[in-house]
Amino acid sequence: MTDKSAMIFGNPISKKAQKNAARSKRKFARKFGDDSAADYSVKIVENACLQKPLGVYDIRVDEGKSDIPFDTEKGIIVGNIRMGFGHYRISMAMASAAHALGFTPYWMDLNSYRNTTCTKVISAQNDLYSMGSRLSQKSKLFNKKYWEPLNYEGFRQLTYNAGDQKNAELMAPVFRNIPKEIPVIGTHVWPAQAAIHAGMQHVVNAIPDNWPMALHFAEGAIHTIQTRQSYMGYRILNGMQGKDVLKPMPEGSLVYTGHYIDHELVANLETDCDARLARKNDGKPMRFLLTIGGAGAQRELFAAVIKHLLPLIKEKKAALYVNVGDYRKVWDVLCKGNKELAGLSTTHFNNWENTNSFAEMAIDGDVEGIHAFWHENIFEAVYCTNLLMRSADVLVTKPSELAFYPIPKLFLKRIGGHEKWGAIHSAEVGDGTLECEDVPHTLQMLDMFLGESEMFTQMCQCVKDNHKAGLYNGAYEVVKLAMSMKS
C-alpha cells in the first residue's frame, strides 16, 4: 500500500502534517481495531428499493458468500457513503445512467458494513459532521468562527487530504475479495481513496462540489467535475497550500462531464418543463418541493416557508410537497410548531408503493394541498425527492448536490461555505435563484415565483437550453469514462 499522505500530485507534505495524519490513523485503529488482515466475504443481493427501477445490486461485506456472480464484463461499482443525502443521490444518478447505458450497477456503501473498521471510522466522522451541520444552524457564532471556515478553507488544504488518505488505508480491506478489474465510481472521496489503496484498477472520483478543495483528491483515480468554473482551481491546486504555487494535477487526471443527473429526469426533461409552464399558464397551484438534507438541519427555515405558503395553499394558489427524508421527528416538530399543518396535510409515510403511485399520478394529474413524505429506509428517503421532482414546479433546497438538478430552484441559506458556489453556478446557467441568506429574502423569492411569470418562465427555458447543450449529461459521461478505462 503506497503512502499517499507524503506527496500529493508531486507536492511534498510537511513532516508535521505527515505525523498528524499517521497519528489520526493510529487513533482510529486503537478505537475501532485494525482489520487490514481480514478476509471479508462478499455477497451480491438485489437492492430492495432500486433493483426494479435502476437494476441495482448491493454489495454486502462480511455477510456470507453470494450465489450471484459478479458481472466482470458489464458490471460497474458505485462506491459511496451515507454522509448527508448528497452522496447517495449522486450515486443514484450514476446507477441510473449505468442502467440506461446497458451496464450492471453495484451499490457499495462503505458506511453499511457494521463489523468493519471502515464503517466504524466513517460513521464516527459522519456523526461529527451531522452534529456540526445542525449546530451551525442554531449558533451564528459557531457557524461564523468554525463551521464556515472549516468547510471553506479547512477542507481546501492539502494537509486535510493527507489525513484523509491515511485514514482511508483503514477502509481498503472491504475491497479485498472484489474483482479488481471492475470499474469503480466513487461519489465521495473516501470510497475512491479506499479503492485505490485496495488495488482496484479503474477508479473514477466524481467530485460533487463547485468549490475546489483538496478534500476531494484521490490520486490514482481520474477526477470528474460538474462545472467548467471549478476546472482551473482544481487543476492548479489553487490556494491549497496558502499562497504557494503548486505542481498541477497531471494532464488527463481531471475531466469536465457536466451535471450528475438521473437518466429518468434527463430523458423527460423537456416534457416536464412544458408541463410546468402549462400549469403556470392555466393558473393551477404552483407546486413547491421542500426537501430536508441528511443532516436534519434547517427546520426553522422549513417552518418559515410553510407558514408563508399556508394561506396560498388554502386559496389553491400553491401546493406543497415536504420530504423529511428519514427524519420523522422533523415532521413532528414542524406540526408542533404550526397547529394547522397536520390537518391540512396528506401523509405518505413509510409506504413506498403509495409514494410511487402518488409521484406517478402527479406527473399528469392535479395536485392540491400539502403532501408529506417520510421513509425509514434510506434509499426510499433519498429517492423520494427524485420521484417527486418530475411533477414539482420549484425545488426549495440548500445549494448542495440538488443545485445541479434540471428544475427551477429556490435556494435556502447554505450549510457550509463550499455550498454557496452551487447557487452561484445555478444562477449563472439560469435554472436557479441566488442563495437566500435569510428568511425575508426567501419569502421574497416565494412571492416572485407565485406572483409573476417572468422569472419562472426564464428558468424553465434555461433548463431546456442547458439540456440541448448537454449540461445535464454528466452521469452518462462519468459511466462511459469509467467503462472506457478497461480498454
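Described below are features of the structure shown in this document. (Residues numbered from 1 in each chain as written. Predicted model: local features only at pLDDT ≥ 70, side-chain atom pairs only at ≥ 80, totals over all residues. Heavy atoms only, no water.)

**What about the pairing of strand S14 (residues 345-349)?**
- The pairing of S14 with strand S15 (residues 370-374) spans five bridges and is classified as parallel. Of the residues in S15, the one forming a bridge with Thr347 is Ala372.
- Following the backbone out of S14, through helix H14 (residues 352-364) and into the adjacent parallel S15, one traces a crossover that is right-handed. (Pairing = 2+ DSSP bridges. Helix = DSSP H or I, 4+ residues; strand = E, 2+ residues; numbered from the N terminus. Right-handed = clockwise from strand over helix to strand, strands pointing away.)

**Let's talk about the layout of surface pockets**
- Approximately 570 Å³ is the volume found for the second largest pocket.
- Taken together, 29 residues make up the lining of the second largest pocket; nearest its centre are Arg82, Tyr88, Asp109, Arg114 and Ile378.
- Contributions of two or more residues to the lining of the second largest pocket are made by strand S4 (57-61), strand S6 (104-109), helix H4 (117-138) and helix H15 (378-389).
- A per-element tally of the lining of the second largest pocket places H4 first, with six residues.
- Looking at the lining of the second largest pocket residue by residue, the classes come out as eleven nonpolar, nine polar and nine charged. (1 Å grid on protein atoms, 1.4 Å probe; cavity = no way out; pocket = protein on both sides within 12 Å on 5 of 7 lines; lining within 4 Å. Points joined across faces, edges and corners; volume = space filled by probe spheres on them. Nonpolar A, V, L, I, M, F, W, Y, C, P; charged D, E, K, R; others polar.)

**Looking at the pattern of salt bridges**
- Counted by the stated rule, this structure contains 22 salt bridges.
- Where Glu169 meets Lys166, a salt bridge forms, and the shortest distance between an N and an O atom there is 3.4 Å. The same class applies to Glu169 as to Lys166, namely buried.
- Glu368 serves as the salt-bridge partner of Lys316, at 3.5 Å between the closest nitrogen and oxygen. Highlighted residues: Lys316 in the loop between helix H11 (299-314) and strand S13 (318-323) and Glu368 in the loop between H14 and S15, separated in sequence by 52 residues.
- A relative accessible area of 44% means that Glu368 is categorised as partly exposed.
- Because the salt bridges share partners, they merge into one network encompassing Asp3, Lys25, Lys166 and Glu169. (Salt bridge = Lys/Arg side-chain N within 4 Å of Asp/Glu carboxyl O. Buried < 20%, exposed > 50% of the residue type's maximum accessible area, 1.4 Å probe, protein only.)

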